[in-house]
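Close look at the chain arrangement
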Amino acid sequence: MTWCNKRLFKLMLSATALLCMVLLLGAAEPKKKTSQRRQSAPREEWQQPERVMHDLNLRPGQTVADIGCGSGYFTFRLAEAVGATGKVFAADIDRKSVRTVQDRAAREGLTQVHAYVSSPTRTLLEAGCLDAALMCDVLHHVPEDQRVPLLTSIAEALKPGGFFFLLDWKKEPDIPFDSYDQKIAREDLIRYAKQAGMELDAEFLYLKYQVFLRFRKPAR
Ligand SMILES: C[S@@+](CC[C@H](N)C(=O)[O-])C[C@H]1O[C@@H](n2cnc3c(N)ncnc32)[C@H](O)[C@@H]1O
């Protein structure tokens, strides 16, 4: 093989390798799109918010809390359920989320919504002021050593006999949100709430991606 032929041969090899890489990347692309499509399925499809709200069984005039409210997905549904005579404390450690909820509440004239910045392990609410508290997709974001302190603070804020609703991702391989390692096993969710002084009272099994548990603060 002459020097020129060798060079040509090397060039052809490089071009073939490049082509293979492009083809491989192209083959990977549809998979990425599928998982993106799964993740962007509208939340209403898997969250079933009307059914969840029905199971919270709230009444007008009640005082409730949405701990880790985010942009208020449940806050405004809670506000509708308790009405203008009720109160919704929307707590989050993230200032921007709190501002988002405050702005929407102000825009919509929902004076029953009180959004505020909470501490990572404390609700900062008055003891015994809540009929119910909700925490949806929050606990897996809380460092392990802060989970029981935060839940204890929620228990303290509940009235005796008050309910705590806990929703979080199922620890299963195909849940298209967050990593498997981040997720908390159902047994651990129950253990944390029990360590915080609450009793498991009911479990709702219809949600595709989330464990949905109801705890009760023991009556005095
Ligand atoms: C995935 S979002 C869920 C938001 C909302 N609950 C929902 O269902 O759409 C998690 C939220 O929990 C908040 N968060 C994380 N740790 C928290 C803590 N220790 N106390 C209060 N909020 C917390 C985050 O700032 C974030 O807004």
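What counts, and at which threshold
Throughout this document, residue positions are counted from 1 along each chain, in the order its sequence is written. Residues qualify for local features only when their pLDDT is at least 70, as the model is predicted, and side-chain atom pairs are given and counted only at 80 or more; totals for whole chains, interfaces and linings, by contrast, use all residues. A pair of strands is considered paired only if DSSP assigns at least 2 bridges between the two. Here a helix means four or more residues in a row that DSSP labels H or I, a strand means two or more in a row labelled E, and each is numbered from the N terminus. When the strands point away from the viewer and the connection leading from the first strand across the helix to the second strand turns clockwise, the crossover is called right-handed. Defining nearness, a residue is near a molecule or strand when the C-beta atom obtained from its backbone falls within 6 Å of it. Put simply, Ala, Val, Leu, Ile, Met, Phe, Trp, Tyr, Cys and Pro go in the nonpolar bin, Asp, Glu, Lys and Arg in the charged bin, and everything else, Gly too, in the polar bin. Exposed residues have 12 or fewer other C-beta atoms within 10 Å of their own C-beta, buried residues have 20 or more, and partly exposed residues fall in between, where C-beta atoms are placed from the backbone. All axes here are fitted lines through C-alpha atoms, helices being fitted over the stretch that makes contact, and every angle between N-to-C directions spans 0 to 180 degrees. Throughout, a residue-residue contact means that the two C-beta atoms, derived from backbone geometry, are no farther apart than 7 Å.

Within a regular strand, side chains alternate between the sheet's two faces. Both strand 2 (residues 87–92) and strand 3 (residues 113–117) contribute to a ladder of 5 bridges, which runs parallel. Note on strand 3: the bridge partner recorded for Phe 89 is His 114. Read as a crossover between parallel neighbours, the route from strand 2 over helix 5 (residues 95–107) to strand 3 is right-handed.

A few words now on the site of the ligand. Taken together, 19 residues lie around the ligand, and Gly 68, Gly 70, Tyr 73, Asp 94 and Cys 136 are the ones closest in. Classifying every residue of the shell around the ligand gives 11 nonpolar, 5 polar and 3 charged.

Moving on, we get to the pairing of strand 7 (residues 210–216). Of all 7 residues that make up strand 7, 5 are buried, and the element is covered over most of its length. Two strands pair when backbone bridges link them, and strand 5 (residues 158–169) and strand 7 are joined in this way by 7 bridges, in the antiparallel orientation. Looking at the pairing, Leu 166 lines up with Leu 213 of strand 7. Sheet topology note: the strand 6 (residues 199–204)/strand 7 ladder contains 5 bridges and is antiparallel. If you follow Glu 199 over to strand 7, its bridge partner there is Arg 216. From the end of strand 6 to the start of strand 7, which pair antiparallel, there are 5 residues.

Next up on the list: the sheet that holds strand 6. Strand order in the open sheet formed by 7 strands is 3-2-1-4-5-7-6, and the pairing between neighbours is mixed. Only two strands of the sheet have a single partner each, and these edge strands are strand 3 and strand 6. The sheet shows a mean angle of 20 degrees between the axes of neighbouring strands, direction not considered. By the bridge criterion, 3 bridges tie strand 1 (residues 63–67) to strand 4 (residues 130–136) in an arrangement that is parallel. In the sheet register, Ala 65 faces strand 4, and the bridge partner there is Ala 133. Relative to the sheet, helix 7 (residues 186–195) contacts strand 5, strand 6 and strand 7, its axis offset from that of strand 7 by approximately 20 degrees.

Any functional reading would require information beyond the geometric quantities listed.
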